[in-house]
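Architecture and fold: a report
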Amino acid sequence: MKMKTISLFTIFLFFILSCNNEIEGTYYENQIGDTAYNPNTDNKDFKFCDSTNVLHKRALIKYNGGEKALEAELLNKFVFNPKFEHFSGYFIVRFAINCKNKTGRYRLQTLDSSFLKTKPPNQLSEHILSIIKSLNGWNHPFYKGKDLDGYSFFTIKIINGEIQKT
Amino acid sequence: MKTTILILSFFIFCSKSFSQVNCYIYPENSRERKACELSDEALKYKQGSKESQLLFDKAITLGPKFHWAYYEKSVPYFKRGFLIEGLKLLNEAVKLKPLDYLWYRAYWYWQYKNNELCIKDLETYYAMPKAYIQFTPGGEKDMRIILGLAYAKTGNYTKGIETILNCLNSYKTEDDFGFADYHSLGVLYVKNKQYDKAIKALKKQIIINKDLADTYYYLGIAYKEKLDLKEAKKQFKNALLKFQDTNKFININAGFKVYKSDILEAIEKLE
């Protein structure tokens, strides 16, 4: 009898849990792109000025001197390594900026030349990440008269292990 | 062009106020109808919000052949740097209805700097018998101009020029020209070292829209290459003045953008 009750309870519990998961494996932040702090990868000193109002308006976040200056800095800091040579593709770099122009929460996506998900050489990813973390010409969004936090992204194109001017 | 902009503004206004699809075209109680209604519901929430994405998921589960839900769900991913997620969804919409979504995928390929894939999708699209005129989501450029610019980005200036000329020749009146179309044509002529044609196209651009600083810069380059240094200097200075003008026109999706530093450098080299 006791076993039967436990079995029924288990089935009931399974049913309830299934109902709560609207679609299996799907989880969404409040807004696509909201990026939670990851203690393993993120700088603990990076803080939003107001975490309740972080803009998803890429056009409002600009680099000093524009895309030209950004690319020039990337090219200038990039050091080619023969281990990178076999990689051609794209790094999509997402990041957050706070109202004091500090950046953090960097996330990378890597795609091959056909825009399929791919895995680049580890040293290349680490090198790209260290360069983008060193960029300090970003400007926070100024929106409706307020200095705000925001999220942005940019693309880095690589052919045969070398960053390309786009 | 003004008429086009007005019509586009009207559509953008409508799309913000109402649904973009008419769910009544699907039979009552059909999976597509239910998916359509759920997608409509999703649009009532902020784009990219958890609420809207969950409703699109429901729509896709109920009506997996309802292409529009995949498309709408993909948009915030593209806008926020989640290319892999965006493409996964939009590819489904393209598979279901290539005529409606190929050009849109091409636009994002262009945005994420993959000119080869942009060209591939647009060539496929324009080869379709029912292909019709498409503009960038902001409405500022015919997608054939983007195709021309994408060819140029891969170094094929001749094909880029041919594509833009074909586009401009297809318009019935000059009112249909975009605010920077002749600028794009002129830039490609400069890149292709056809300086006389470049000057002609860029001067025409100034008649259509005189507020683009970049046009004067490229005009200056063309004159410089023709060794008319006096006129080159004049145009570079015009570029600088326009650049500092608060009413200057911003050429979105320019492809070959000019920066203040480029203009200053050009002036300095001449002095």
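Residues numbered from 1 in each chain as written. Chains lettered and ligands numbered in written order. Predicted model: local features only at pLDDT ≥ 70, side-chain atom pairs only at ≥ 80, totals over all residues. Heavy atoms only, no water.

**Some points on the confidence of the model for chain A**
Mean pLDDT over chain A: 90, with 85% of residues reaching 70 or higher. Low pLDDT, under 50, characterises residues 13-24 of chain A; the predicted model gives this stretch 4 contacts beyond four residues in sequence or across chains. (pLDDT = per-residue confidence, 0-100. Contact = heavy atoms within 4.5 Å.)

**Remarks on the packing of aromatic side chains**
One pass over the structure, following the stated rule, counts 29 aromatic pairs over all chains. Ring plane angle 50 degrees and centroid distance 6.1 Å describe the contact between Trp108(B) and Tyr112(B), whose orientation is recorded as tilted. With respect to class, Trp108(B) is no different from Tyr112(B); both count as buried. Taking 6.4 Å as the distance between ring centres and 75 degrees as the angle between the ring planes, the aromatic pair formed by Tyr125(B) and Tyr132(B) counts as edge-to-face. In this structure an aromatic cluster arises from ring pairing among Phe153(A), Tyr71(B), Phe78(B), Tyr101(B), Trp103(B), Tyr104(B), Tyr107(B), Trp108(B) and Tyr112(B). The ring of Phe82(B) has Arg94(A) lying over it, and the distance from NZ or CZ to the ring centre is 3.6 Å. Above the face of the Phe243(B) ring, Lys248(B) is positioned so that its terminal group lies 5.2 Å from the ring centre. (Phe/Tyr/Trp six-rings, centres within 6.5 Å; stacked < 30°, edge-to-face > 60°. Buried < 20%, exposed > 50% of the residue type's maximum accessible area, 1.4 Å probe, protein only. Lys NZ or Arg CZ within 6 Å of the ring centre and 35° of its normal.)

**Some words on the interface of chain B and chain A**
At the interface, 34 residues of chain B touch 29 residues of chain A. A combined buried area of about 2700 Å² lies between chain B and chain A, and 57% of that area is made up of carbon and sulfur atoms. Looking only at chain B, the three residues that lose the most surface to chain A are Arg80(B), Ile84(B) and Lys113(B), adding up to 24% of its buried area. In this structure, Glu67(A) and Lys113(B) form a salt bridge, with 2.4 Å as the shortest nitrogen-oxygen distance. At the junction of chain B with chain A, the criterion picks out 18 residue pairs in polar contact (both at pLDDT 80 or more). Elements supplying a minimum of two residues to the side of chain B that touches chain A: α3 (50-62), α4 (67-79), α5 (83-96), α6 (98-111), α7 (115-126) and α14 (260-270) of chain B. The element best represented in the side of chain B that touches chain A is α3(B), accounting for 6 residues. (Buried area = accessible area lost by both parts, 1.4 Å probe. Salt bridge = Lys/Arg side-chain N within 4 Å of Asp/Glu carboxyl O. Polar contact = N/O pair within 3.5 Å; in protein donor to acceptor, adjacent residues only side chain to side chain. Helix = DSSP H or I, 4+ residues; strand = E, 2+ residues; numbered from the N terminus.)

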